[in-house]
Amino acid sequence: MVALARALAVRPVSAVRKARAGVVRMRRAVSRSPRSLFLRELMAQPLAVGAICASSPYLAARMAALVDLADEGWVVELGGGTGVITAALLAHGVPAARLAVVEQSDRLAAHLRQRFPAIQVLHGDAAELPALLARLDGADGPVRVRHIVSGLPLLSIPAPARQRILQAGAQVLAPGGRLLQFTYALHGPSPWQQAGLVCQRRERVLANLPPARVDVLAHAPSA
Ligand SMILES: C[S@@+](CC[C@H](N)C(=O)[O-])C[C@H]1O[C@@H](n2cnc3c(N)ncnc32)[C@H](O)[C@@H]1O
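Remember, it's a predicted structure, so these values are computed and weren't measured experimentally. (Residues numbered from 1 in each chain as written. Predicted model: local features only at pLDDT ≥ 70, side-chain atom pairs only at ≥ 80, totals over all residues. Heavy atoms only, no water.)

1. Remarks on the side chain of E203
Structurally, E203 is set in strand β6 (residues 197–205). For E203, a relative accessible area of 17% corresponds to the buried category. There is a polar contact of 2.7 Å between the side chain of E203 and the side chain of R62. Residues in contact with E203, not counting those within four places in the same chain, are R62, A212, R213 and V214. (Helix = DSSP H or I, 4+ residues; strand = E, 2+ residues; numbered from the N terminus. Buried < 20%, exposed > 50% of the residue type's maximum accessible area, 1.4 Å probe, protein only. Polar contact = N/O pair within 3.5 Å; in protein donor to acceptor, adjacent residues only side chain to side chain. Contact = heavy atoms within 4.5 Å.)

Shown next as structure tokens:
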């Protein structure tokens, strides 16, 4: 009887405590989830994020599939966000040792470092690409990049900043290298064409919110 009375007296309190602790743990997990992280960044920096949600896994897989694995140079992703495209690049077979991701948001850069410890996350502005790449472990002199995979919202970035990004990207892209960019503008030229790159191919990806276009660009072949 005494034991029963003790159990009845103690258990409800400890059950309530456990339930409360569970709720706190769940709230923490939700607030750290990629989706809520993305939403928080969107509220803080709408123009830099430039999308209502992260890319769909389908769009990410289409971008990754355009990376030629036979080409052994660096693959540099611009605007990694919560890492949807990064994950697709690794799943496609890009070696982590040759993958670097540039992200300007400190919260998102920290998230990417935690989620992908084997890749190099460069926290900074894509407009400073040559200087950021000089920081890469294993970089020996100026890095020429074989693939740039960009999720930057170029159309919502103010024109002067966009121009600096375009110049920086074109500068580090190796001759014969490829630049992949997705955009929600289904028509019209790619902003990268202003930096002298030529569009080799484009495709629409409808399974994304909103539907997107993927452009494949490269330096013009020398005459
Ligand atoms: C549209 S989100 C794309 C995120 C992710 N790649 C995806 O497809 O879901 C754009 C990302 O680019 C980052 N970004 C915007 N401007 C940048 C800049 N100048 N340099 C580096 N990252 C930038 C934003 O912080 C954001 O994470």
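2. Overview of the side chain of E103
The residue E103 is located in strand β2 (residues 99–103) in this model. This buried residue, E103, is left without a salt bridge; R107 holds the nearest opposite charge, at 9.7 Å. Among the polar contacts made by the side chain of E103, one reaches the main-chain amide nitrogen of G80 at a distance of 3.2 Å. A polar contact is formed between the side chain of E103 and the backbone nitrogen of S105, at a distance of 2.9 Å. (Lys, Arg positive; Asp, Glu negative; His and termini not counted. Salt bridge = Lys/Arg side-chain N within 4 Å of Asp/Glu carboxyl O.)

3. As for the site of the ligand
Lining the immediate surroundings of the ligand are 22 residues, of which V49, S55, G79, E103 and A126 lie closest. One of the backbone N or O atoms of G81 is found 3.4 Å from an oxygen atom in the ligand. In this structure, Q104 approaches the ligand through a main-chain N or O atom, which is 3.3 Å from a nitrogen atom. Contact with the protein chains covers 97% of the free accessible surface of the ligand, which is 600 Å². Its residues assigned to classes, the shell around the ligand shows 12 nonpolar, 7 polar and 3 charged. (Near = heavy atom within 4 Å. Areas by Shrake-Rupley, 256 points an atom, 1.4 Å probe, with all protein chains shown as cover. Nonpolar A, V, L, I, M, F, W, Y, C, P; charged D, E, K, R; others polar.)

4. Describing the packing of helix α4 (residues 57–65) against helix α5 (residues 84–92)
Between α4 and α5, the least distance of the axes is 8 Å, while the angle of their chain directions is 50°. The orientation of α4 relative to α5 falls into the category oblique. Relative to α5, α4 is oriented so that their crossing is right-handed. Residues P57, A60, A61, M63, A64 and A65 of α4 form the contact with α5, whose participating residues are V84, I85, A88, L89 and H92. (Axes fitted to C-alpha atoms, helices over the stretch in contact; angles between N-to-C directions. Parallel < 35°, antiparallel > 145°, perpendicular 65-115°, else oblique. Left-handed = near helix turned anticlockwise from the far one by under 90°.)

5. Examining the packing of helix α2 (residues 34–44) against helix α6 (residues 106–115)
If you want to describe how two helices pack, look at the angle between their axes and the distance between the axes. Viewed as axis vectors pointing N to C, α2 and α6 meet at an angle of 160°, and their least axial separation amounts to 10 Å. On the basis of the axis angle, α2 is roughly antiparallel to α6. Viewed along their axes, α2 and α6 form a crossing whose handedness is left-handed. Contacts from P34, L37, R40, E41 and A44 of α2 reach α6 at R107, L108 and H111. Tallied by class, residues from the contact of α2 with α6 come to 4 nonpolar, 1 polar and 3 charged.

6. Let's talk about the packing of aromatic side chains
Summed over the entire model, instances satisfying the criterion amount to 1 aromatic pair. Residues F182 and Y184 carry aromatic rings whose centres are separated by 5.7 Å and whose planes lie at 50° to one another, so their mutual orientation is tilted. Taking relative accessible area as the criterion, F182 reaches 9% and is therefore assigned buried. (Phe/Tyr/Trp six-rings, centres within 6.5 Å; stacked < 30°, edge-to-face > 60°.)

Honestly, it's all geometry; don't read function into it.
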